[in-house]
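Listed here are the chains, written in short residue letters.
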Amino acid sequence: AQPPNRIRSAPEPEVHPRSPLQVAIEWTVRSPIRAFLIVFVPALAIRAYLVTKIPLEYVLPHTRWETFAVAHSLATTGEFADPYLLPTGPTAHLAPVYPYLLSLIYRVFGLTLVAGYVTWLLAAAAESVMFALMPWLAGRLGVGRSAGLVGGLAGAVVPQWPSLVEPWAAILLGLLMVVSLRRWTVGFPSLRGTLLFGLAWGAAIHLQVTLLPVLLGCMAFELWRSSDRAKWLQSAVLVLGVFLASIPWGARNYVAFDRIVFVRSNLGLELRMGNHDGAHADIDVTADRTVERHPRTNEAEALLVRELGEIEYMRRAGREAVAWIRDHPAVFLRLSASRFLHYWFGPLTKPPVAALYTILTLLAILGAWRILPALAAPHRATLLIPLVMYPVVYYVVSYMPRYRVPVDWMLLMLAGGWAVRRLSG
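Residues numbered from 1 in each chain as written. Predicted model: local features only at pLDDT ≥ 70, side-chain atom pairs only at ≥ 80, totals over all residues. Heavy atoms only, no water.

This part takes up the packing of aromatic side chains. All chains considered together, the criterion is met by 15 aromatic pairs. A centroid spacing of 5.5 Å and a plane angle of 20 degrees characterise the contact between Y58 and W65, whose relative ring orientation is stacked. Since its relative accessible area comes to 29%, Y58 is described here as partly exposed. Using a relative accessible area of 35% as the deciding quantity, one classes W65 as partly exposed. Ring geometry for Y343 against Y394: centres 6.1 Å apart, planes inclined by 15 degrees, an arrangement best described as stacked. One end of the pair, Y343, is in helix α17 (residues 329–345); the other, Y394, is in the loop between α19 (377–389) and α20 (405–423), with 51 residues separating them in the sequence. When its relative accessible area of 8% is taken as the criterion, Y394 is described as buried. Aromatic rings pair up to connect F340, Y343, W344, Y390, Y394, Y395 and Y403 into one cluster. The positively charged end of R34 is found above the aromatic ring belonging to W27, 3.9 Å away from the centroid. Above the face of the Y58 ring, R64 is positioned so that its terminal group lies 4.9 Å from the ring centre. (Phe/Tyr/Trp six-rings, centres within 6.5 Å; stacked < 30°, edge-to-face > 60°. Buried < 20%, exposed > 50% of the residue type's maximum accessible area, 1.4 Å probe, protein only. Helix = DSSP H or I, 4+ residues; strand = E, 2+ residues; numbered from the N terminus. Lys NZ or Arg CZ within 6 Å of the ring centre and 35° of its normal.)

Okay, α19 next. The terminal C-alpha atoms of α19 lie 17 Å apart, and with 13 residues this matches the ideal 18 Å at 1.5 Å per residue to within 8%. Along α19, the largest kink reaches about 25 degrees and is centred on L383; proline P386 follows within four residues of it. All buried positions along α19 are accounted for by P378, H379, A381, T382, L383, I385, P386 and L387. Those residues of α19 that are buried are in contact with α7 (134–141), α9 (166–185), α11 (212–225), α17 and α20. (Expected span 1.5 Å × (residues − 1). Bend = angle between axes of the 7 residues up to and from the residue. Contact = heavy atoms within 4.5 Å.)

A word on the environment of V108. Along the chain, V108 falls in helix α5 (residues 97–109). Residue class for V108 comes out exposed when judged on its relative accessible area of 63%. In sequence terms V108 and A75 are 33 residues apart; their C-alpha atoms lie 9.5 Å from each other.

With that settled, the discussion passes to a nonpolar patch on the surface. Nonpolar side chains collect at one region of the surface, where L240, F243, L244 and I247 lie side by side and expose about 350 Å² of accessible area between them. Along the chain, the position of I247 falls in helix α12 (residues 230–257). Look at I247 and you get partly exposed, because its relative accessible area is 40%. (Patch = residues over 30% accessible without salt bridge, like charges linked within 9 Å, V, L, I, M, F, W, Y side chains within 5 Å. Areas by Shrake-Rupley, 256 points an atom, 1.4 Å probe, with all protein chains shown as cover. Salt bridge = Lys/Arg side-chain N within 4 Å of Asp/Glu carboxyl O.)

This part is about the pattern of salt bridges. Counted under the stated rule, the structure contains 11 salt bridges. With a shortest N-O distance of 2.6 Å, E166 and R402 are connected by a salt bridge. With a gap of 236 residues between them, E166 in helix α9 and R402 in the loop between α19 and α20 connect regions that are remote in the sequence. Judged by relative accessible area, E166 falls into the buried class, the value being 4%. Taken together, the shared-partner salt bridges in this structure form one network comprising R259, E312, R316 and R319.

Written out as structure tokens, the structure reads:
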């Protein structure tokens, strides 16, 4: 007798049990507010503790650094002026948003220790918000909220001194890229919405002018990708918004200098600081091996600013830098390559710090390798355009570690994506 026919069922798919860590991550990111607080609280606690370790002479409002000097001038005289070692008059050395914000703190609390602590705690809070927004940003940008949570927590628990301007720039960059992605996927908003978006970009550039290359990259992608003829009108309205946001500060600069100055005046000086005989990629190394020709620290240079006026001084410094670059193209290329390495792999003269930067960069590359192919072109653009375009200025001027803060959250997010995928097998 033949055995009865039996229907064979398909084999059950192999199910990997989730680890308690995976369960915890999934539970956390289910609520955006919960994910925000779980990152924000430890980040702020660590940075607030570090603020208590800052020497009091750097907490008390002072004029040692350009930003504090201009804020001091605004609070005491009402003038956006005197960023250097000696009084030199009106300045456009800095983008205006943060010094004005700092001067408001000085006006409210006076030039007191309280004002100093409020300043540093506000910086610590901004940096903490930057990390805490990462789960939400990662979800919006297509990387996944779990990746943002892992990356945000990693950034939160690493103790570091809070930066002043850069965390605000990072927050604005993240929000602007979310809106850009919506434009590229859902469709262009009304012309009024695009005008407001241009105003937002203009305000962000007046906080951190190095966001301008990111805007240009986004506009180029938008024009290249869209076949809609309305894209040209949209771009024109976007530029109009940036222009309108620039009018108040541009008008102030024209009145102060009788010349048009777009946001900042100091590019020529920064070029010369990074490109001269004996220059090193790292500004601290350059300062140790050469005489620093910066009016913030050099009295002769400050006197020259006073004599020539800031705009003419910066123009001469720029001409000097360009002439040196023309005479030393190979050295300039070597310095630029070294600055590129410093930017992405950390201060090479400090191996322990450089090791942390290098690990983050390599993990972000691994994360991008696994994540980007699965994303649509607009999502890839929102991740790649800032990483490519934001640092371009920093490859030709002296390196400082804080220059990478505005894009560090993106590297942490990509590294978090790699970790989550490794965790899930």
